[in-house]
Amino acid sequence: MADAWPIAAFYFKVTFGSDAPIGFQEVSGLDQSVETLEYRHGKSLQPVTMKRAGMVRTDRLVFKKGIFSGDSRLLTLFNEVFEGKTNYPRADYSPTPVLIELLDETGTAVVSWNVPRAIPVKLSTSAFRSTANEIAIETLEFVHDGIQVRFS
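What counts and what doesn't
Residues numbered from 1 in each chain as written. Predicted model: local features only at pLDDT ≥ 70, side-chain atom pairs only at ≥ 80, totals over all residues. Heavy atoms only, no water. pLDDT = per-residue confidence, 0-100. Helix = DSSP H or I, 4+ residues; strand = E, 2+ residues; numbered from the N terminus. Buried < 20%, exposed > 50% of the residue type's maximum accessible area, 1.4 Å probe, protein only. Pairing = 2+ DSSP bridges. Core = buried A, V, L, I, M, F, W, Y, C linked by side-chain atoms within 4.5 Å. Contact = heavy atoms within 4.5 Å.

**Things to note about the confidence of the model for the protein**
Here is step 1 of the chain: The predicted model of the protein averages 89 in pLDDT, with 90% of residues at 70 or higher.
Here is step 2 of the chain: Ranking the helices and strands of the protein by mean pLDDT puts strand E2 (residues 26-28) first, with 97, and helix H1 (residues 73-82) last, with 83.

**Thoughts on the pairing of strand E5 (residues 61-66)**
Across a regular strand the side chains alternate sides, sitting on one face of the sheet and then on the other.
Here is step 1 of the chain: Most of E5 sits inside the fold, with five of its six residues counted as buried.
Here is step 2 of the chain: With three bridges joining them, E2 and E5 adopt antiparallel strand pairing. Across the sheet, Val-27 pairs through a bridge with Phe-63, a residue of E5.
Here is step 3 of the chain: Sheet topology note: the E5/strand E8 (residues 137-144) ladder contains six bridges and is antiparallel. Its bridge partner lying in E8, Phe-63 is registered against Leu-140.

**Observations regarding the nonpolar core**
Here is step 1 of the chain: Judged by nonpolar contacts, the single largest core of 20 residues is most densely connected at Val-14, Phe-16, Phe-24, Phe-63, Leu-74, Val-98 and Phe-142.
Here is step 2 of the chain: Among the secondary structure elements, those contributing two or more residues to this core are strand E1 (12-16), E5, H1, strand E6 (96-103), strand E7 (109-125) and E8.
Here is step 3 of the chain: It is E7 that contributes the most residues to this core, four residues altogether.
Here is step 4 of the chain: Excluding its chain neighbours within four sequence positions, the residues that come into contact with Phe-16 are Ile-22, Phe-24, Phe-63, Leu-74, Leu-77, Thr-96, Pro-97, Val-98 and Phe-142.

Shown next, in the form of structure tokens:
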């Protein structure tokens with residue numbers, strides 16, 4: 001391991017459900033944290049509180065990619081919720097599974113982030129400015145119940 005190189009952060013793929021992978025410019029929000037609970041009972045002689053692990057908090061997953069003519073896959077994912085096709089608590093409700101894989105130089109997954117229950121909650125587009133020299137970007141945000149990280 002002494003001569004190993006860190007994995008580059010720019011070579012990754014994202015898969016929603018069983019669809020083909022989608023190329024993104026940026027993926028963020030792969031954060032999870034544990035709240036700290038503090039407690040001190042009335043008869044404690046110690047001048048400190050006891051610390052315990054509390055609820056797990058997750059950030060929104062944010063996916064950004066360029067807009068391509070005829071590519072409406074992110075809009076389709078968002079419209080499933082927006083048009084009421086998957087509103088909770090319907091019996092056939094099924095959040096979208098998301099798999100993010102960080103790849104090595106050979107294209108093999110080194111680390112994967114599996115999000116079994118993601119719900120698209122926000123679809124946005126970059127601002128249009130006639131004086132700018134940049135591509136149009138679409139952004140899709142998801143809320144979720146947690147991330148399972150696996151090293152290959």
